[in-house]
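Chains, contacts and geometry: an overview
The residues making up each chain are set out below.
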Amino acid sequence: MLTVKHLAKSYDGEKKSLTDVSFSVQPGEVTVIIGPSGAGKTTILRSINQLIRDDDGEILFDNTDIRQLNRAQLRQARCRIGMIFQNYNLIEPLTAIENVLHGCLGTKSNLAGIFSIYRNREKEEALKLLEKVGLAEFAYQQCRNLSGGQKQRVGIARALMQQPKIILCDEPIASLDPKSTITVMDILRDLATNDGISVLINLHQVDIARSYADHVIGINNGQVVFDDRIQALSDTAIASIYQKDANSEGSVVHEF
Ligand SMILES: Nc1ncnc2c1ncn2[C@@H]1O[C@H](COP(=O)(O)OP(=O)(O)OP(=O)(O)O)[C@@H](O)[C@H]1O
Ligand SMILES: [Mg+2]
């Protein structure tokens with residue numbers, strides 16, 4: 001479904017943020033990327049939907065290398081790649097349903113997009129998705145008045161509006177309390193199990209990875225140092241994923 005091969009990236013042309021990253025993601029699975037701060041987790045996710053241009057490698061999404069697509073093709077491919085952010089990236093003065101409707105902007109003509117012209121069918125779909133994430137009654141509330149957990153659920157509904165094959169989540173629970181964390185992770189798990197979506201999540205919380213992941217990728221200093229089923233994630237494996245690499249300045253060893 002998604003295969004990343006030999007991905008490399010340097011932001012400054014000197015220090016490599018990713019050296020040679022290869023892994024695959026399967027439909028219907030939750031894949032979690034863990035690793036110390038600065039290891040390259042965000043860089044990997046942002047390369048997958050080409051928010052940043054990587055330097056080398058292949059990113060095969062449904063057997064097509066995303067890196068080789070022209071602008072129009074990339075726009076189309078991005079429609080099938082949902083993204084969820086730690087800080088939600090919602091338009092706060094707009095209502096929940098308006099934010100969800102923004103999820104289908106990529107499929108609209110420029111003019112319809114600029115004037116936010118949505119069909120009734122799209123509004124019904126947006127409402128259905130808000131219901132799916134348990135927020136039907138908040139559809140017409142401004143997002144600025146929602147809690148963090150509710151905002152993240154709006155973010156998920158917005159991503160689903162794109163009918164994604166994969167959802168990329170960069171620390172989706174980092175700003176949430178424990179109860180909202182469970183709500184959000186349960187929704188993501190359900191999207192994989194019941195809707196067959198691939199869910200790829202950057203996480204710092206190893207205990208959450210243990211509860212929700214099928215597959216774990218450990219990154220340290222821009223390299224894959226672990227790639228296996230969750231059951232294989234032993235304490236020794238965790239220690240080696242999080243070990244401070246002498247070459248990576250500023251990397252932080254996490255306590256458990
Ligand atoms: N825009 C940028 N310009 C220059 N260097 C960058 C940029 N973004 C990231 N880096 C560097 O690339 C490396 C990987 O960063 P990245 O944000 O991918 O790490 P991360 O694993 O997501 O860390 P965290 O867990 O703290 O979010 C780091 O050394 C970081 O300083
Ligand atoms: Mg990051």
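Residues numbered from 1 in each chain as written. Chains lettered and ligands numbered in written order. Predicted model: local features only at pLDDT ≥ 70, side-chain atom pairs only at ≥ 80, totals over all residues. Heavy atoms only, no water.

Labelled according to an unreviewed UniProt entry, the protein chain appears under the name Phosphonate ABC transporter ATP-binding protein, originating from Secundilactobacillus silagincola.

A look at the site of ligand 1
The criterion, for reference: One heavy atom suffices: a residue is near a molecule or strand as soon as one of its heavy atoms comes within 4 Å of it. Here a polar contact is recorded for every N or O atom pair within 3.5 Å, except that within protein the pair must consist of a potential hydrogen donor and a potential acceptor, and residues adjacent in sequence are included only if both atoms are side-chain atoms. Accessible areas in this description were obtained via Shrake-Rupley with a 1.4 Å probe; residue shielding takes into account the shown protein chains only. A run of H or I in DSSP becomes a helix once it reaches four residues, and a run of E becomes a strand once it reaches two; helices and strands are each numbered from the N terminus. Amino acids outside the nonpolar list (Ala, Val, Leu, Ile, Met, Phe, Trp, Tyr, Cys, Pro) and the charged list (Asp, Glu, Lys, Arg) are all regarded as polar, and Gly is one of them.
As a matter of local geometry, ligand 1 sits amid 13 residues, with Ser-17, Ser-37, Gly-38, Lys-41 and Thr-43 nearest to it. Note that an oxygen atom of ligand 1 is positioned 2.7 Å from one of the side-chain N or O atoms of Lys-41. In the environment of ligand 1, an oxygen atom lies 2.8 Å from a nitrogen or oxygen atom belonging to the side chain of Thr-42. Notes on ligand 1: free accessible area 640 Å², of which the protein chains cover 59%. In terms of residue count, the dominant contributor to the shell around ligand 1 is helix 1 (residues 41-48) (three residues). In terms of residue class, the shell around ligand 1 is built from three nonpolar, seven polar and three charged.

A word on the side chain of Arg-67
Heads up, the condition is: Whether two residues are in contact is decided by their heavy atoms: any pair within 4.5 Å suffices.
Tracing the chain through its elements places Arg-67 in the loop between strand 5 (64-65) and helix 2 (71-79). A polar side-chain atom of Arg-67 sits 3.5 Å from the main-chain carbonyl oxygen of Asp-55. Apart from residues no more than four positions distant in its own chain, Arg-67 is found in contact with Gln-50, Arg-53, Asp-54, Asp-55, Asp-56, Gly-57, Glu-58 and Ile-59.

Quick look at unusual backbone geometry
Glycine aside, a negative phi is what most residues show, and trans is what most peptide bonds show. Residues other than glycine seldom take positive phi values, yet Gln-50 does so here, at roughly 60°. With respect to the helices and strands, the residue Gln-50 is situated in the loop between helix 1 and strand 4 (56-61). Look at Asn-221: it is not a glycine, yet its phi comes out positive at around 50°. In this structure, Asn-221 sits in the loop between strand 9 (215-220) and strand 10 (223-229).

Details of the packing of aromatic side chains
For clarity, the cut-off: Geometry of aromatic contacts follows a simple scheme: Phe, Tyr and Trp rings, the Trp one being its six-membered ring, pair when their centres are within 6.5 Å, and the pair is stacked under 30 degrees between planes, edge-to-face over 60, tilted otherwise. Sitting over a ring, as applied to charges here, requires NZ of Lys or CZ of Arg to be within 6 Å of the ring centre and within 35 degrees of the ring normal.
Counted under the stated rule, the structure contains zero aromatic pairs. Residue placement shows Lys-9 over the ring face of Tyr-11; its charged tip is 5.0 Å from the ring centre.

Examining the domain arrangement of the protein chain
For clarity, the cut-off: For the domain bounds, the source is a domain assignment made automatically or taken from a database. Note on terms: buried area is the combined drop in 1.4 Å-probe accessible area of two parts once they are placed together, counting the loss on both. Any carboxyl oxygen of Asp or Glu within 4 Å of a side-chain nitrogen of Lys or Arg constitutes a salt bridge here.
Once the domains are mapped, the protein chain shows domain 1 (1-80 + 168-256) and domain 2 (89-163). With 14 residues of domain 1 in contact, the opposing surface of domain 2 contributes 14 residues. Surface buried jointly by domain 1 and domain 2 totals about 1100 Å² across both partners, of which 59% is contributed by carbon and sulfur atoms. When residues of domain 1 are sorted by the area they lose upon contact with domain 2, Arg-75, Cys-79 and Ile-187 head the list and together hold 40% of the total. On inspection of domain 1 and its partner domain 2, the count reaches one salt bridge. Taking the shortest distance from any N to any O, the salt bridge between Lys-132 and Asp-195 comes out at 2.9 Å. Here domain 1 and domain 2 share six residue pairs in polar contact (both at pLDDT 80 or more) between them.

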